Amino acid sequence: MRYFSMAAVLGTLAALGLALTERTVAADDDKDWGTIKGKLVWAGDEATAKPKELTIDKDQMHCLEKGKLFNEEWVVGKDKGVKWVFVWLSPEPGSDKKLPIHGSLKDIKEKKVEIDQPCCQFIPHCLAMREGQTLIAKNSSPIGHNVNYTGHPLRNPGKNVAVGPKGAIEIENLKADEKFPVTVACNIHGWMKAYVRVFDHPYFAVTDGEGNFEIKNAPAGEWRLKVWHETGWRGGASGRDGDKITVKGGTTTDLGKLDIKPPQ
Ligand SMILES: [Cu+2]
């Protein structure tokens, strides 16, 4: 418990300092926070799970210099794990309760997050970020691309900006939006697509190549686990409110395998 050593140092300071330290220790008590993890597993048909080569009809010399490009909509990996699924915690629908934020996560440490277009695909294909972070949309390639980003017309109206070779733009003020993602496209290369989701808390993840996700230092208690893939909510439209889950304090709750398939 590093907080105790910090408490020991601060405890020698003035009475006010001591009082603040005690509150910090109490707020970060292990039993109030836990980890939640799980794995998104493919439950659709075999054909859809197979990698699909993209038709590259422009700038082939550059776009294909490192090999074929594949569609990233459904990326099914080891043990049928599904990559690029957004998972996050949310309060009960209709409640005005907010997710308490762990002391170590209150300040946003990384001020910038990045999306690049090194070889005619956006990397990463899916990006989750916090409101307050700046999205750097880079083009580290030798050819021109554009970044056409758009979310809900009122919250994240977006823009279409050309980003030349080795260029970058900074996108600030993206607003948290549980309902609508920000989609990113390059209109020069019609196959290039990415998805960005913005949260007003740090309790989100994007599944890795094996379908795994983990959310740490989450507030103990009952929440909803929302699961969204670029084809829609897990379980279809009725999945928009997510599943009830319990984060247990002081431990890791493994939700195990959560199946996912394309909407019907
Ligand atoms: Cu492009």
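Fair warning: this is a prediction, and the values are worked out from it, not measured in the lab.

A look at the overall build of the chain
Phase 1 of the analysis: Helices and strands together make up the secondary structure of the chain, namely 4 helices and 16 strands.
Phase 2 of the analysis: For the chain, with 264 residues in total, the buried portion stands at 28%.

Side note on the confidence of the model for the chain
Low pLDDT marks regions whose predicted coordinates should not be analysed in detail.
Phase 1 of the analysis: Confidence in the prediction of the chain, expressed as mean pLDDT, is 91, and 89% of residues score 70 or more.
Phase 2 of the analysis: Confidence drops under a pLDDT of 50 for residues 1–27, and excluding neighbours within four residues, the segment shows 13 contacts in the predicted structure.

A word on the sheet that holds strand E8 (residues 168–171)
Strands belonging to one sheet form pairs held by backbone hydrogen bonds; the direction of such a pair is parallel or antiparallel.
Phase 1 of the analysis: If you trace the 3 strands from one edge of the open sheet to the other, you get E3-E5-E8, paired in mixed fashion. Only two strands of the sheet have a single partner each, and these edge strands are strand E3 (112–115) and E8. The average undirected angle you get between the axes of adjacent strands in this sheet is 25°.
Phase 2 of the analysis: In the sheet, E3 pairs with strand E5 (residues 134–138) via 4 bridges, with the strands oriented parallel. Bridge pairing in E5 links Lys112 to Thr134.

Observations regarding the pairing of E5
Phase 1 of the analysis: Of the two faces of E5, the one lined by Leu135 and Ala137 is fully buried and the one lined by Thr134, Ile136 and Lys138 carries no buried residue.
Phase 2 of the analysis: Strand direction decides the pairing type here: E5 and E8, joined by 4 bridges, are antiparallel. Bridge pairing in E8 places Lys138 opposite Ala168.

Points about the sheet that holds strand E6 (residues 145–150)
Phase 1 of the analysis: Ordered by their spatial adjacency, 5 strands build an open sheet running E4-E10-E9-E6-E7, and the pairing between neighbours is mixed. A strand with exactly one partner marks an edge of an open sheet, and here the two such strands are strand E4 (126–130) and strand E7 (159–163). Pairwise comparison of adjacent strand axes, ignoring direction, gives a mean angle of 20° for this sheet.

A few points about the environment of Lys66
Phase 1 of the analysis: In this structure, Lys66 sits in the loop between helix H4 (60–63) and strand E2 (86–90).
Phase 2 of the analysis: In the structure, Lys66 is positioned 53 residues away from Cys119 in sequence and 8.0 Å away in space, judged by C-alpha atoms.

Examining unusual backbone geometry
Phase 1 of the analysis: Note that the residue after Ile123, namely Pro124, is joined by a cis bond; omega there is 0°.
Phase 2 of the analysis: Mapped onto the elements of the fold, Pro124 is located in the loop between E3 and E4.
Phase 3 of the analysis: One non-glycine residue, Asn173, lies in the positive phi region at around 65°.
Phase 4 of the analysis: When the 9 C-beta atoms within 10 Å are taken as the criterion, Asn173 is described as exposed.

Description of the environment of Gly38
Phase 1 of the analysis: Relative to the elements of secondary structure, Gly38 occurs in strand E1 (residues 33–42).
Phase 2 of the analysis: A sequence separation of 217 residues divides Gly38 from Leu255, and the C-alpha atoms of the two residues are 4.9 Å apart.
Phase 3 of the analysis: Other than its neighbours up to four places away in sequence, Gly38 contacts Phe213, Asp254, Leu255, Gly256 and Leu258.

Thoughts on the nonpolar core
The tendency in soluble globular proteins is for nonpolar side chains to be buried as a group.
Phase 1 of the analysis: Counting residues in each nonpolar core, the largest one holds 47 residues, and the members touching the most others are Val85, Val184, Ala194 and Val196.
Phase 2 of the analysis: In terms of residues, this core owes the most to one element, strand E10 (residues 193–199), which gives 5 residues.
Phase 3 of the analysis: Once you skip the residues sitting within four places of it in the chain, Ala194 turns out to touch Ile115, Phe122, His125, Cys126, Leu127 and Val184.

Quick notes on the environment of Ile115
Phase 1 of the analysis: Turning to its location among the elements, Ile115 is positioned in strand E3.
Phase 2 of the analysis: For Ile115, a count of 23 C-beta atoms within 10 Å gives the class buried.
Phase 3 of the analysis: Taking the C-alpha atoms as reference points, Ile115 and His125, separated by 10 residues in sequence, lie 8.3 Å from one another.
Phase 4 of the analysis: In contact with Ile115, not counting residues within four places along its chain, are Phe122, Pro124, Leu127, Leu135, Ala137, Lys138, Val184 and Ala194.

Thresholds applied
Residues numbered from 1 in each chain as written. Predicted model: local features only at pLDDT ≥ 70, side-chain atom pairs only at ≥ 80, totals over all residues. Helix = DSSP H or I, 4+ residues; strand = E, 2+ residues; numbered from the N terminus. Buried ≥ 20, exposed ≤ 12 C-beta atoms within 10 Å, placed from the backbone. pLDDT = per-residue confidence, 0-100. Contact = placed C-beta atoms within 7 Å. Pairing = 2+ DSSP bridges. Axes fitted to C-alpha atoms, helices over the stretch in contact; angles between N-to-C directions. Core = buried A, V, L, I, M, F, W, Y, C linked by C-beta atoms within 7 Å.

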